[in-house]
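Residue-level listing of the chains:
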Amino acid sequence: MTKLIFDCDPGVDDAVALFLAFASPQDLEILAITTVAGNVAADLTARNAAVIRQIAGREDVPIHAGAQGPLVRAPIEAGHFHGESGLGALPLFEPARGLDEGHAAQVIIDLVMAHPPGAVTIAATGPLTNLALAIRIQPAIVSRIAKVAIMGGARREGGNITASAEYNIYADPHAAELVFASGVPCVVFGLDVTHQVRADPARTAAIAAINTPAAQASTNLLEFSNALERDIVGGTGAPIHDPCVIAWLLAPHLFTLRPCDLNVETASPLTLGHTAVEFRLADPSAATVLWATEADADGVFALLNERLAR
Ligand code: RIB
Ligand code: CA
């Protein structure tokens, strides 16, 4: 059983990742969902997390809103990929349970400090602003966090928001650099691996055939992303970025990881947010960052289907 804090910016693919996490209570004790400004504004990412939580029937899990914007740079959203609401074309409603008191950064600190060292894992599928703030406020959490599983960055694949940067890192490069430089153990799922895990028509149809609220909502979300993938990229299946993080927590054998040294560009206007992923290490065993290089996409979708059917 993993004690998990899930920090996210829902976000269409964050939403599918939330459904996967909410459907896995035997594997994940979700201590809290924390939300951050990213794909859409902070009030919308928080509201969206509460909508997904209600559809998933997991109103036992608290949601805490967090940072309203990045640490230093000007905010940049990704509404063109997630729709004005942040949840594509999903029919929305006012959630019955609202947000819980406490800023996400403080909640991360309080939960990590209240549990034994190494007990709490963090999943982060949005800009890393909340985690960076938590580390700045209480550096003692760095040695107590078991690991941080992050969706972010790109090496071989190049960028998806600029030529050289992936959105989550580009949206708050200073926060990302602070997190990686802190030495907290990180497992990073960049575009190199998430672009291998695509919701092609057959996989999307398999989820559409599952008669549960989570599967039907996920189908709506994936079809929104796939339509954009067709229109913008000319592709047949959108990558499911954020679910890869939760899939790894549930089934690590589905991914191949490689030790690296990871640094983030925070000064160059041209390459801001670039992740420099260096595999040539003097001592790979001393690396605090593992970079995901390969995924078993069929295995990820089999896991997703099994959990969405619950
Ligand atoms: O680059 C993909 C990432 O940016 C995903 O987390 C998606 O939700 C967006 O936030
Ligand atoms: Ca996200």
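Values in this document were obtained by computation on a predicted structure and should not be read as measured data.

(A) Spatial organisation of the coordination of the calcium ion (ligand 2). The protein atoms that coordinate the calcium ion (ligand 2) are Asp9 (OD), Asp14 (OD), Asp14 (OD), Thr125 (O) and Asp242 (OD), at distances spanning 2.2 to 2.6 Å. The class of aspartate 9 is buried, set by a relative accessible area of 0%.

(B) Representation of the pattern of salt bridges. Inspection of every chain in the model, using the stated rule, returns ten salt bridges. A salt bridge links aspartate 27 to arginine 307; the shortest N-O distance between them is 3.0 Å. Taken as a pair, aspartate 27 in the loop between helix 1 (12-22) and strand 2 (28-35) and arginine 307 in helix 12 (residues 297-308) lie far apart in primary sequence, 280 residues in all. With its nearest N and O atoms 3.1 Å apart, the salt bridge here joins glutamate 229 to arginine 198. Pair noted here: glutamate 229 is in helix 10 (residues 213-233) and arginine 198 is in strand 7 (residues 198-199), with a separation of 31 residues, a long-range link. Since its relative accessible area comes to 26%, arginine 198 is described here as partly exposed. Residues joined by salt bridges that share partners form a network here, namely Asp27, Glu306, Arg307 and Arg310.

(C) Structural context of the site of ligand 1. Near ligand 1 there are 13 residues, and of these Asp13, Asp14, Asn160, Glu166 and Asp242 occur at the shortest range. In the model, an oxygen atom of ligand 1 is placed 3.3 Å from a nitrogen or oxygen of the aspartate 9 side chain. In the complex, the protein chains occlude 96% of the 280 Å² of accessible area that ligand 1 would expose alone. Broken down by secondary-structure element, the contributors of at least two residues to the shell around ligand 1 are helix 1 and helix 6 (167-171). Per-class residue counts for the shell around ligand 1 are two nonpolar, six polar and five charged.

(D) Seen up close, the side chain of serine 164. You can see serine 164 is positioned in the loop between strand 5 (145-151) and helix 6. Residue contacts for serine 164: discarding those within four places in its chain leaves Gly159, Leu270, Thr271 and His274.

(E) Focus on unusual backbone geometry. Geometrically, the link from proline 10 to glycine 11 is a cis peptide bond, its omega value of -20° lying close to zero. By the secondary structure assignment, glycine 11 is in the loop between strand 1 (2-8) and helix 1.

(F) Inspection of the sheet that holds strand 11 (residues 289-295) at higher detail. Strand order across the open sheet formed by nine strands is 3-2-1-4-5-6-11-9-10, with mixed pairing between neighbours. Looking at the sheet topology across the chains shown, the edges are occupied by strand 3 (63-65) and strand 10 (275-278). Taking each pair of neighbouring strands and ignoring which way they run, the sheet shows an average axis angle of 30°.

(G) Highlighting the side chain of arginine 53. Counting through the fold element by element, arginine 53 comes out in helix 2 (residues 42-56). No salt bridge forms around the buried arginine 53; measuring N to O, its nearest opposite-charge neighbour aspartate 100 is 4.3 Å away. Ignoring sequence-local partners within four residues, the contact set of arginine 53 consists of Phe22, Arg58, Glu59, Val61, Pro62, Ile63, Arg97, Gly98 and Asp100.

(H) Inspection of the environment of cysteine 8 at higher detail. Inspection of the secondary structure assignment puts cysteine 8 in strand 1. Excluding residues within four positions of it along the chain, cysteine 8 makes contact with Asp14, Leu18, Ile33, Thr34, Thr35, Val36, Thr125 and Gly126.

(I) Region of the structure containing the nonpolar core. Among the nonpolar cores identified, the biggest contains 59 residues, and Phe6, Ile33, Phe189, Ile246 and Phe255 are the most heavily contacted of them. Sort the elements by how many residues they give to this core and helix 1 lands first, with nine residues. Discounting residues that sit within four places of it in the chain, phenylalanine 255 has contacts with Phe189, Val193, Cys244, Ala247, Trp248, Glu294, Ala295 and Val300. Formed by 38 residues, the second largest nonpolar core is a distinct cluster that contains Ile108, Val120, Leu128 and Trp291.

(J) Spotlight on helix 1. Of all the eleven residues making up helix 1, eleven are buried; the element is thus mostly covered by neighbouring parts of the structure. Here helix 1 has its buried residues at Val12, Asp13, Asp14, Ala15, Val16, Ala17, Leu18, Phe19, Leu20, Ala21 and Phe22.

(K) Quick look at the packing of helix 9 (residues 201-208) against helix 12. At a closest axis distance of 10 Å, the pairing of helix 9 and helix 12 adopts a crossing angle of 15°. What the angle tells us is that helix 9 and helix 12 run roughly parallel. The interaxial crossing formed by helix 9 with helix 12 has right-handed handedness. Contact residues: Arg203, Ala206 and Ile207 in helix 9; Ala297, Asp298, Phe301, Leu304, Asn305 and Leu308 in helix 12. Considering only residue class, the contact of helix 9 with helix 12 consists of six nonpolar, one polar and two charged.

(L) Broad picture of the packing of aromatic side chains. Per the counting criterion, the structure on display carries two aromatic pairs. Residues phenylalanine 189 and tryptophan 248 carry aromatic rings whose centres are separated by 5.7 Å and whose planes lie at 50° to one another, so their mutual orientation is tilted. One end of the pair, phenylalanine 189, is in strand 6 (residues 186-189); the other, tryptophan 248, is in helix 11 (residues 243-250), with 59 residues separating them in the sequence. A centroid spacing of 5.3 Å and a plane angle of 85° characterise the contact between phenylalanine 189 and phenylalanine 255, whose relative ring orientation is edge-to-face.

So, how was this worked out
Residues numbered from 1 in each chain as written. Chains lettered and ligands numbered in written order. Predicted model: local features only at pLDDT ≥ 70, side-chain atom pairs only at ≥ 80, totals over all residues. Heavy atoms only, no water. Donors = N, O, S within 2.8 Å, 3.2 Å for Na, K, Ca; no water. Buried < 20%, exposed > 50% of the residue type's maximum accessible area, 1.4 Å probe, protein only. Salt bridge = Lys/Arg side-chain N within 4 Å of Asp/Glu carboxyl O. Helix = DSSP H or I, 4+ residues; strand = E, 2+ residues; numbered from the N terminus. Near = heavy atom within 4 Å. Polar contact = N/O pair within 3.5 Å; in protein donor to acceptor, adjacent residues only side chain to side chain. Areas by Shrake-Rupley, 256 points an atom, 1.4 Å probe, with all protein chains shown as cover. Nonpolar A, V, L, I, M, F, W, Y, C, P; charged D, E, K, R; others polar. Contact = heavy atoms within 4.5 Å. Pairing = 2+ DSSP bridges. Axes fitted to C-alpha atoms, helices over the stretch in contact; angles between N-to-C directions. Lys, Arg positive; Asp, Glu negative; His and termini not counted. Core = buried A, V, L, I, M, F, W, Y, C linked by side-chain atoms within 4.5 Å. Parallel < 35°, antiparallel > 145°, perpendicular 65-115°, else oblique. Left-handed = near helix turned anticlockwise from the far one by under 90°. Phe/Tyr/Trp six-rings, centres within 6.5 Å; stacked < 30°, edge-to-face > 60°.

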